[in-house]
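# Coordinate analysis (summary)
These are the residues of each chain, in order.
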Amino acid sequence: MEARFFLRFLLLLSLLSLSFSIYEDQVGLADWHKRYIGKVKHAVFHAQKTGRRRVVVSTEENAIASLDLRTGDLFWRHVLGKNDVVDQLSLSLGKYVLTLSSRGSVLRAWNLPDGQMVWETILQVSNPTDLLLHVLGNVKSGRDSLILACNGGFIGAVSSIDGVIVWKKELSVDGLKLKHVFQPPESDTIYAIGFIDTSQIALYHLNAKTGELLKHATQSSPVDLSSEISVISIDSLVVLDSTRSSLLLIKFTDGTITHHHKPLSGIAKDFSDTAELIPTKLNDIFVVKTPSSVSFVKVKGDNELELIEKSDQTGIVSDSLTLSEEEQAFAVVHHSSNAINFQVQINGREVLTEAIQIEEHRGRVKSVFLNNYLKTDKSHGFRALIVMEDESLLLVQQGAVVWSREDGLASISNAVPAELPVEKEGVSVVEVEHTLLEWLKGHMLKLKGTLMLATPDDMGAIQAMHLKSSGRNKMTRDHNGFRKLIIVLTQSGKVYALHTGDGRIVWSYLLTPLLQSQRCPSPSVLTLRNWRVPHHNALQENPSVLLVGRCGPSLESQGFLSIVDSYSGKELETLILDHSIAEVVPLPLADSSEQKLHLIIDNDLNAHLYPRSSDSLKVFIGDMANMYYYKVENAKGVVKGYAFKEGHGTGSSDEYCFSTRELWSLVFPSDSERIVATARRKMTEVVHTQAKIMTHQDVMYKYISKNMLFVATVSPKATGGIGSAGPDEASLVAYLIDTVTGRILHRVTHQGAQGPVHAVVSENWVVYHYFNLRAHRYEMTVIEIYDHSRADNKDLMKLVLGKHNLTAPITSYSRPEVTTKSQSYFFTHSVKTIAVTTTARGITSKQILIGTIGDQVLALDKRFLDPRRTANPSQEEKEEGIIPLTDSLPIIPQSYVTHTLQVGDLRGIVSFPATLESTTHVFSYGIDLFYTRIAPSRTYDSLTDEFSYVLLLITVVVLVVAILVMWAMSKKQDLQEKWR
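Let me begin by describing the structure that accompanies this report. (Residues numbered from 1 in each chain as written. Predicted model: local features only at pLDDT ≥ 70, side-chain atom pairs only at ≥ 80, totals over all residues. Heavy atoms only, no water.)

When helices and strands are tallied, the protein chain shows eight helices and 64 strands. Partitioning the intrachain contacts of the protein chain with sequence separation of at least 6 by distance along the chain shows that 51% fall at a separation of at least 24. Of the accessible surface of the protein chain, which amounts to about 45,700 Å², a share of 52% is contributed by carbon and sulfur atoms. (Helix = DSSP H or I, 4+ residues; strand = E, 2+ residues; numbered from the N terminus. Contact = heavy atoms within 4.5 Å. Areas by Shrake-Rupley, 256 points an atom, 1.4 Å probe, with all protein chains shown as cover.)

Following this line, the structure appears as structure tokens:
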């Protein structure tokens, strides 16, 4: 009996896997995948005479990548962990990429052509620091080329062949930070220069083969030293003092330390305490930058400084580029309007000046990396890799942009959907074939594919035909709601509109330069919201989005609002606010022009209403008695609820400003509980029905209040990583709280469990993921909550006669009679993020979208997380579709919506409905982007794109012909019988 039951369960799983499967030719029809690298911080060029020319980069997103120097395409890429930040990048022997990461404690070598890791070495650094790190590939020891890595007071020599540590030296001096390491030509001695605190200069002599300390010397500095240095030659450097008013020129000649103190005012009059020393490596030249100028200073002799060039425009200076033993080149880039001025100087002599036009809304230049090449006349040509303010990457050469990459999309922080324009009259919504021959050819190919007679070339032609005829890339909306815009906000403050058809950028907009020219010195965008979503009353209006941000790094800084048109990306309005921004509360209200109402909460807990119009004010005041908001203070372990009332707390006459009144507060004891996660329902989620039919035709009513908040707390010892506390010391408590009254609806404790906790709330249930220390496995728990106050609405006659209370208003102030059902299951994967599918009317079954540790998105059917699952379900439960209970949730390979692709450093998943009820859009983002459409209950309300209309037509024709033939045969037979 049990064996038969188990076989039935396996059969059910196989059917579910088939329902999630897609055909090979369907991949790429309804999904797309974009790969990015992030903001570049290091770049090394490898331009060989033959073969592929490439540039190797490391980025702020902890990615290492090799790019084609001709096109900007990716050759290979690796994404390291969040705690494995790349600090230094270099090339060795022309075939290895060297990276020093994790605060100077991990050294790796990667194969340059294919990116495979060759070796990895852990450097045991006693006191790691994230200050200056050095990787040198020119230190020789016998036949082996050594790699020298320095960190704080640590020096280590590593073999470039196998990564073995040849020698290491820990200079045990308190406060020592090495700043420069060099080896004179034809010498076996390594010189290491560093600062002890800010008052002493230290010089160490080391044997290059053994690491033995040969000699060391220290000397007091006449000024307090800062961390800003510039290496001007192999044995000299320039240091800026802590007051930023003078320089110290330090030289190391014959193993001795000499220094000369020079005030900046002696070089140029406008040098002040705001001077900045640019860390370049130029030949006896260093760069001093002020808010209004960039100056190049040459060191002559032992202690003379000469100003060789001064630019009144602020610019970005590249590191030096060695052309020969006597020549060093560097680039200076200035930004003006929609162009950048690109200058190249060799030994202080300008040899190239170009004005390069760039696209709008890229912002200012942030960094530049210079490279040279030989022209046909044997002269030097120059190209540069430029990183812009919006984190995009440009390669400029010969006065033009050769290629560009929108790598700002690797740092998306928020995403919202937007509709496309309605198609104009007279234009066909569906693009059909132009000739009858093409139409017949296309459907014959579909028929061959259906009958499995298609060749690989035919399958490619079928997929190309699907892409052509689907019309998915049109800039108008379709009746199924498949074509939309995804508006995304990046950490650089740039907004992009992506088309769901192919992921292309429809428009982009960088807000920062515009605000900097007004009363907002250093703007930063906090969040992105939908501002206007036209429906019935304002169809002539374009949809728009709202950008909310601050004008400074402080929480007390004044805020700003910017409204951007969703169709064109044009700025409609920008407001510089006279108050701070602590929180943005979207309201379920809209004015007559369908602008959504928002409340901006400032640091004094005053609420400011936007848009500021009499219409919105009237709408809000009419519903203000039913408006509440809550605030979670994780650090204090407090959750508070507030209501609004008219009048400003400071006595201001601003009618759009409302004061708040604290209604309740929940204080979690800090010695036993710490808040680690919160979650709540989407405000826009649609619930199709409140009733749920149980076994034996029983009815239970969902508790579907949008005011329900999920809060997870853990014991203080369990706030660290997994294993930071034992099973007896760790505990996780889950709460369901009503945010209007502060009433705890449900509370459950998981002993021996800890975070990280990821949760999602939908309808009347919550699913959360955590780690079970006792079982040494991850778990997922589901809690469903039901409203028993409507339990008497089970009589059909009451429903017919209207004697039920289903239409009675729901209020949080009436104590609800709730019951809960819960169940826990083991889960294989660690989770990065979690979401749930949403559809237009809430009829379609739900799927849990899980971002796994492998940077993929798994769609898990909600039926697997049904708390009513039992090991031996009854016949009625089987008919209801309840799956037999197992201790673990199944991982079906076909359930990965990302297929075999990965979304590097996956951070978020967004689901939004299509017009077609069966279908939902899924957009996941990290360093990469992935979009697809899924149908959790299959496409029950439409025909698929693979439906063969030719086969249907042939079937109908055959049936008609058969009917006619049978009719003729019947008439003939009747006639023959009459003649008899």
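After that view, the rundown keeps rolling.
Attention shifts here to the sheet that holds strand β34 (residues 400-405). Strands sit in the order β31-β32-β33-β34 across an open sheet of four strands; the sheet is antiparallel. Pairing within the sheet leaves two strands with one partner each, and these edge strands are β31 (365-374) and β34. Pairwise comparison of adjacent strand axes, ignoring direction, gives a mean angle of 20° for this sheet. In terms of strand pairing, strand β33 (residues 393-397) meets β34 through five bridges, oriented antiparallel. Bridging from a neighbouring strand, V396 pairs with V401 of β34. (Pairing = 2+ DSSP bridges. Axes fitted to C-alpha atoms, helices over the stretch in contact; angles between N-to-C directions.)

Pairing is antiparallel in the open sheet, where four strands are placed in the order β18-β19-β20-β21. Edge positions in the open sheet fall to β18 (225-233) and β21 (256-263), since each of these has one partner strand only. Averaged over all pairs of adjacent strands, the angle between their axes in this sheet comes to 25°, without regard to strand direction. Sheet topology note: the β18/strand β19 (residues 236-241) ladder contains five bridges and is antiparallel. Residue pairing across strands places I229 opposite V239, the latter belonging to β19.

Before going further, it helps to examine the side chain of K702. You can see K702 is positioned in the loop between β51 (699-701) and β52 (708-714). Looking at K702, its side chain comes within polar contact range of the side chain of E763, at 3.1 Å. Those residues in contact with K702 that sit more than four places away from it in its chain are T689, Q690, A691, K692, E763, N764, I785, Y786 and D787. (Polar contact = N/O pair within 3.5 Å; in protein donor to acceptor, adjacent residues only side chain to side chain.)

P611 follows Y610 through a cis peptide bond whose omega is 5°. Among the structural elements, P611 can be located in the loop between β45 (607-610) and α5 (614-623). Residue P756 is bonded to the preceding G755 through a cis peptide linkage, with omega at 5°. Within the fold, P756 resides in strand β55 (residues 753-762). Even without a glycine there, the phi angle at Q398 is positive, about 55°. Within the secondary structure, Q398 sits in the loop between β33 and β34. In this structure, L605 takes a positive phi of about 65° despite not being glycine. With respect to the secondary-structure elements, L605 resides in the loop between β44 (596-601) and β45.

Scanning all chains against the criterion turns up 25 salt bridges. The salt bridge partner of E784 is K862, with a shortest N-O separation of 2.9 Å. Of this pair, E784 sits in strand β57 (residues 777-787) while K862 is found in the loop between β61 (857-861) and α7 (875-880), placing the two residues 78 residues apart along the sequence. With a relative accessible area of 1%, E784 lands in the buried category. (Salt bridge = Lys/Arg side-chain N within 4 Å of Asp/Glu carboxyl O. Buried < 20%, exposed > 50% of the residue type's maximum accessible area, 1.4 Å probe, protein only.)

Along any regular strand, the residues point their side chains to alternate faces of the sheet. Counting buried residues in β19 gives six out of six residues, a clear majority hidden from the surface. Taking every second residue as pointing to the same face, both faces of β19 are buried, with S236, V238 and L240 on one and L237, V239 and D241 on the other. Joining the antiparallel neighbours β18 and β19 is a turn of two residues. Hairpin remark: β19 followed by strand β20 (residues 246-253), antiparallel, with four residues in the connecting loop; positive phi at R244, about 60°.

What follows covers the nonpolar core. M708, F710, L732, L736, V757, V766 and Y768 are the most contacted members of the largest nonpolar core, which totals 26 residues. Secondary structure elements with two or more residues in this core: β49 (674-680), β52, β53 (731-738), β55, β56 (765-772) and β57. In this view, M708 contacts R680, Y703, L736, I737, L745, V761, E763 and I785; residues no more than four positions away in its chain are not counted. Grouped together as the second largest cluster of nonpolar side chains are 22 residues, F342, V344, I356 and L370 included. (Core = buried A, V, L, I, M, F, W, Y, C linked by side-chain atoms within 4.5 Å.)

For the structure on display, the rule yields eleven aromatic pairs. Where Y629 meets F644, the ring centres are 5.7 Å apart and the plane angle is 15°; that geometry is what we call stacked. Placement of Y629 in strand β46 (residues 628-633) and of F644 in strand β47 (residues 638-646) is noted, with a sequence separation of 15 residues between them. Pair check on accessibility: Y629 and F644 agree, each one buried. Each residue in the set F620, Y629, Y642, F644 and F658 is aromatic and connected to the rest through ring pairs, giving one cluster. Geometry around W765 places K862 over its ring, the cationic atom sitting 5.0 Å from the centre. A cation over a ring is seen here: R933 above F482, with NZ or CZ 3.9 Å from the ring centre. (Phe/Tyr/Trp six-rings, centres within 6.5 Å; stacked < 30°, edge-to-face > 60°. Lys NZ or Arg CZ within 6 Å of the ring centre and 35° of its normal.)

In terms of burial, β44 is largely enclosed, as five of its six residues are buried. Of the strand pairs in this sheet, strand β43 (residues 583-590) and β44 are connected by five bridges, and their pairing is antiparallel. When the sheet's bridge partners are listed, A590 is paired in β44 with K596. Following β43, the chain reverses through five residues before pairing antiparallel with β44; E594 in that reversal takes a positive phi of roughly 65°. Relative to β45, β44 runs antiparallel, the two sharing four bridges.

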